[in-house]
Amino acid sequence: MPEMRFRVRWPDRSTSLCYSPSQVIKDFFKPGETYELEDFLARSRAALQIAGERVRQKYGYTCSSAMSQLDEIETVAARFSEIENPKVLVEEFIG
């Protein structure tokens with residue numbers, strides 16, 4: 001199962017290098033596109049849950065790294081919940 005990483009830029013201009021155990025992330029995001037924070041969160045949840053499920057189907061266990069990544073994304077995103085119109089840029093896919 002080809003894993004991949006993707007870099008995002010948060011509303012404060014900081015970046016995170018994120019992990020997905022599956023390339024399904026490409027079905028939810030496009031490099032260079034900016035997403036409303038809530039839309040980014042919803043897409044991240046869906047993509048990482050699918051990725052984790054693919055690991056479970058193939059190996060018999062859920063990918064804890066996918067769920068850890070989702071937790072990290074949600075923790076960082078919470079910092080921006082009070083600002084007006086927060087957006088997240090998906091900068092690139094790696095791998």
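Report follows, based on the coordinates. Given the structure is predicted, the values throughout are model-derived calculations rather than measurements.

Broken down by element type, the chain carries two helices and four strands. Element order for the chain, N to C, with α for helix and β for strand: β-β-β-α-α-β. Against the globule reference of 12 Å for 95 residues, the chain gives a C-alpha radius of gyration of 13 Å, in line with a compact fold. Once the C-alpha set of the chain is aligned to its principal axes, its extents read approximately 40 × 20 × 15 Å. Put simply, the chain has 95 residues, and 38% of those count as buried. In the structure as shown, the chain presents an accessible area of about 5300 Å², 45% of it carried by carbon and sulfur atoms. Where the 13 positive side-chain charges of the chain centre and where its 15 negative ones centre are 6 Å apart.

This part takes up helix H2 (residues 64–78). Compared with an ideal rise of 1.5 Å per residue, which puts 15 residues at 21 Å, H2 spans 21 Å between its outermost C-alpha atoms and is within 8% of the ideal. For H2, the complete set of buried residues consists of Ala-66, Gln-69, Leu-70, Ile-73, Val-76 and Ala-77. The buried residues of H2 occupy one face: seen down the axis, they fall within an arc of 130°. Turned more than 90 degrees away from the buried face of H2 sit Ser-64 and Thr-75, all of them exposed. Where H2 is buried, its residues contact strand E1 (4–9), strand E2 (15–20) and helix H1 (37–59).

Thresholds applied
Residues numbered from 1 in each chain as written. Predicted model: local features only at pLDDT ≥ 70, side-chain atom pairs only at ≥ 80, totals over all residues. Heavy atoms only, no water. Helix = DSSP H or I, 4+ residues; strand = E, 2+ residues; numbered from the N terminus. Rg over C-alpha atoms; globule rule 2.2 N^0.38 Å. Buried < 20%, exposed > 50% of the residue type's maximum accessible area, 1.4 Å probe, protein only. Areas by Shrake-Rupley, 256 points an atom, 1.4 Å probe, with all protein chains shown as cover. Lys, Arg positive; Asp, Glu negative; His and termini not counted. Charge placed at Lys NZ, Arg CZ, Asp CG, Glu CD. Expected span 1.5 Å × (residues − 1). Arc of directions from axis to C-beta. Contact = heavy atoms within 4.5 Å.

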